[in-house]
Amino acid sequence: MTQQDTDYLDQLEAEAIYILREVAGQFEKPALLFSGGKDSITLVRLAEKAFRPGKFPFPLVHIDTGHNFPETIVYRDEMVSRINEKLIVGYVQDSINEGKVVEQKGKNASRNALQTTTLLDTILKYGFDACIGGARRDEEKARAKERIFSVRDEFGQWDPKRQRPELWSIYNGRIHKGENVRVFPISNWTELDVWNYIRREKIELPSIYFSHERDVITRNGQIMAAADHLNMDDLDIISSKRVRFRTVGDMTCTAAIESDADQIDDIIEEIRASKISERGARMDDKVSEAAMEDRKKGGYF
């Protein structure tokens, strides 16, 4: 890594720490949404730099679909124990049991879209007025429209036409009762920036980010981890391949890529050569041209 790369990462880090401290100063009950993915893990490291040796001024919140990669849940629990911070888990299964959402049927059924209801219920239950997340503008075109402080109305909905200007790093956190702000401290980072930062900071990640042998099937042209959650039938042929995952999500909608990259340097070189964004491996983004924007308007993170 060159000195120029290091200076650039220092600038990104400083901006993110400033944003996290703005959240702590402007909001009464913020939370950090934690998925177990590399971006939310990076946010935890940034929060440590922003607030240690004190405790975080917010809990970690995980919306658990019940169809997560086991490696991610193991990592989450070990990390929370290590950093000694509060974790709140909202369960999609509870929303299903309470009749608030209906589980999808069919071969391509997924719980991913059901997370929105569980998230909004969790926000309401604990009275969170700001939710910090690891979304970045380079991930997907709907996320490229977001401000760093993104206001949601009392129903958790996002209106891309009613966003506030953000000039000279001035962030306006004033909201009406019932409204909520989603905050994106690493919005200006790229996937490569995140990986370079992880390398520099020697941050541990769930093992699924690195190349490993796994039983998989091919569905809709994508390599999926073989799991009962996928509603497999006789047409799904299980084979063993060497794969890794560029993004972490519900197992029913998160595809793998074939890869031999088992070290961070190899992953960085692989990403440099890739012409497909990391969310190109997310089945939920392929529902329609505006799939992500539609979900965000409904309250999705």
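Data block above holds the structure.
Residues numbered from 1 in each chain as written. Predicted model: local features only at pLDDT ≥ 70, side-chain atom pairs only at ≥ 80, totals over all residues. Heavy atoms only, no water.

A short note on the packing of helix H7 (residues 191-201) against helix H8 (residues 264-273)
Going by this rule: Under this scheme, a helix contributes an axis fitted over its contacting stretch, all axes are lines through C-alpha atoms, and angles between N-to-C directions fall in the 0 to 180 degree range. Counting from the N terminus, the helices are DSSP H or I runs at least four residues long and the strands are E runs at least two residues long. Between 65 and 115 degrees an angle is taken as roughly perpendicular, under 35 as roughly parallel, over 145 as roughly antiparallel, and anywhere else as oblique. Throughout, a residue-residue contact means that at least one pair of heavy atoms, one from each residue, lies within 4.5 Å. Residue polarity is assigned by list, with Asp, Glu, Lys and Arg as charged and Ala, Val, Leu, Ile, Met, Phe, Trp, Tyr, Cys and Pro as nonpolar; anything else, Gly included, falls into the polar class.
Here H7 crosses H8 at 170 degrees, and the two axes come no closer than 10 Å. In terms of axis orientation, H7 runs roughly antiparallel to H8. Contacts from Glu 191, Leu 192, Trp 195, Asn 196, Ile 198 and Arg 199 of H7 reach H8 at Ile 264, Asp 265, Ile 267, Ile 268, Ile 271 and Arg 272. Looking at side-chain class alone, the contact of H7 with H8 contains 7 nonpolar, 1 polar and 4 charged residues.

What about the sheet that holds strand E10 (residues 255-258)?
Spelled out, the test is: At least two DSSP bridges between two strands are needed for those strands to be called paired.
Here we have 4 strands rolled up into a closed barrel, ordered E7-E8-E10-E9, and antiparallel in their pairing. Ignoring strand direction, the axes of neighbouring strands in this sheet form an average angle of 70 degrees. Alignment of strand E9 (residues 239-244) against E10, held across 2 bridges, turns out to be antiparallel. Across the sheet, Arg 244 pairs through a bridge with Ile 257, a residue of E10.

Observations regarding a nonpolar patch on the surface
Applied cut-off: A patch consists of residues exposed above 30% relative accessible area that lack any salt bridge, with like charges linked at up to 9 Å and nonpolar side chains (Val, Leu, Ile, Met, Phe, Trp, Tyr) linked at up to 5 Å. Computed with the Shrake-Rupley method and a 1.4 Å probe, the accessible areas treat only the protein chains shown as cover for residues. The term salt bridge refers to a pairing of a side-chain nitrogen on Lys or Arg with a carboxyl oxygen on Asp or Glu at a separation within 4 Å. Using a 1.4 Å probe on the protein chains alone, a residue whose accessible area is under 20% of its type maximum counts as buried, one over 50% counts as exposed, and one in between counts as partly exposed.
A contiguous nonpolar patch, built from Leu 167, Trp 168 and Ile 170 and spanning about 410 Å² of accessible area, is present on the exposed surface. Among the secondary structure elements, Leu 167 is positioned in the loop between strand E5 (149-152) and strand E6 (180-183). According to the relative accessible area criterion, Leu 167 is partly exposed, its value standing at 47%.

Regarding the pattern of salt bridges
Scanning the entire structure with this criterion turns up 26 salt bridges. When the shortest N-O distance is used, the salt bridge between Asp 138 and Arg 136 registers 2.9 Å. Relative accessible area serves as the criterion here: at 1%, Arg 136 is assigned to the buried category. For the salt bridge of Arg 199 with Asp 265, the shortest nitrogen-to-oxygen distance reads 2.7 Å. Of this pair, Arg 199 sits in helix H7 while Asp 265 sits in helix H8, and the two are 66 residues apart along the sequence.

Section: unusual backbone geometry
When glycine is set aside, most residues are seen to have a negative phi, and most peptide bonds are trans. Cis rather than trans, the peptide bond between Arg 52 and Pro 53 has omega equal to 10 degrees. We note that Trp 168 has phi near 55 degrees; this positive angle belongs to a residue other than glycine. Looking at the element boundaries, Trp 168 is found in the loop between E5 and E6. Phi is positive for Lys 202, close to 55 degrees, though the residue is something other than glycine. If you trace the backbone, Lys 202 turns up in the loop between H7 and strand E7 (212-219). Note on Lys 202: relative accessible area 70%, which makes it exposed.

Describing the side chain of Thr 252
The condition that has to hold: Whenever two N or O atoms come within 3.5 Å, that pair is a polar contact, provided that in protein one can donate a hydrogen and the other can accept it, and provided that, for residues adjacent in sequence, both atoms are side-chain atoms.
By the secondary structure assignment, Thr 252 is in the loop between E9 and E10. Residue Thr 252 is classed as buried on the basis of its relative accessible area of 10%. Side-chain polar atoms of Thr 252 contact the side chain of Asp 250, separated by 2.4 Å. Those residues in contact with Thr 252 that sit more than four places away from it in its chain are His 67, Ala 109, Ser 110, Arg 111, Met 224, His 229 and Leu 230.

Describing helix H3 (residues 70-83)
Put simply, the rule is: In a helix, the anticipated span is given by 1.5 Å times the number of residues less one. Here the arc refers to the directions that run from the helix axis out to each C-beta atom.
Compared with an ideal rise of 1.5 Å per residue, which puts 14 residues at 20 Å, H3 spans 20 Å between its outermost C-alpha atoms and is within 8% of the ideal. Taken as a whole, H3 has its buried residues at Thr 72, Tyr 75, Arg 76, Met 79, Val 80 and Ile 83. In an axial view of H3, the angular spread of the buried residues amounts to 125 degrees, which keeps them on one side of the axis. In H3, those exposed residues whose orientation departs by more than 90 degrees from the buried face are Glu 78, Ser 81 and Arg 82.

Comments concerning the nonpolar core
Selection criterion: What makes a nonpolar core is a set of buried Ala, Val, Leu, Ile, Met, Phe, Trp, Tyr and Cys residues whose side-chain atoms join them at distances within 4.5 Å.
One finds Leu 46, Phe 149 and Trp 195 to be the most contacted residues of the largest nonpolar core, which totals 61 residues. In contact with Leu 46, not counting residues within four places along its chain, are Glu 13, Ala 16, Ile 17, Leu 20, Ile 186, Trp 189 and Tyr 197. Among the nonpolar cores identified, the runner-up in size contains 13 residues, and Val 92, Ile 123, Phe 128 and Cys 131 belong to it.

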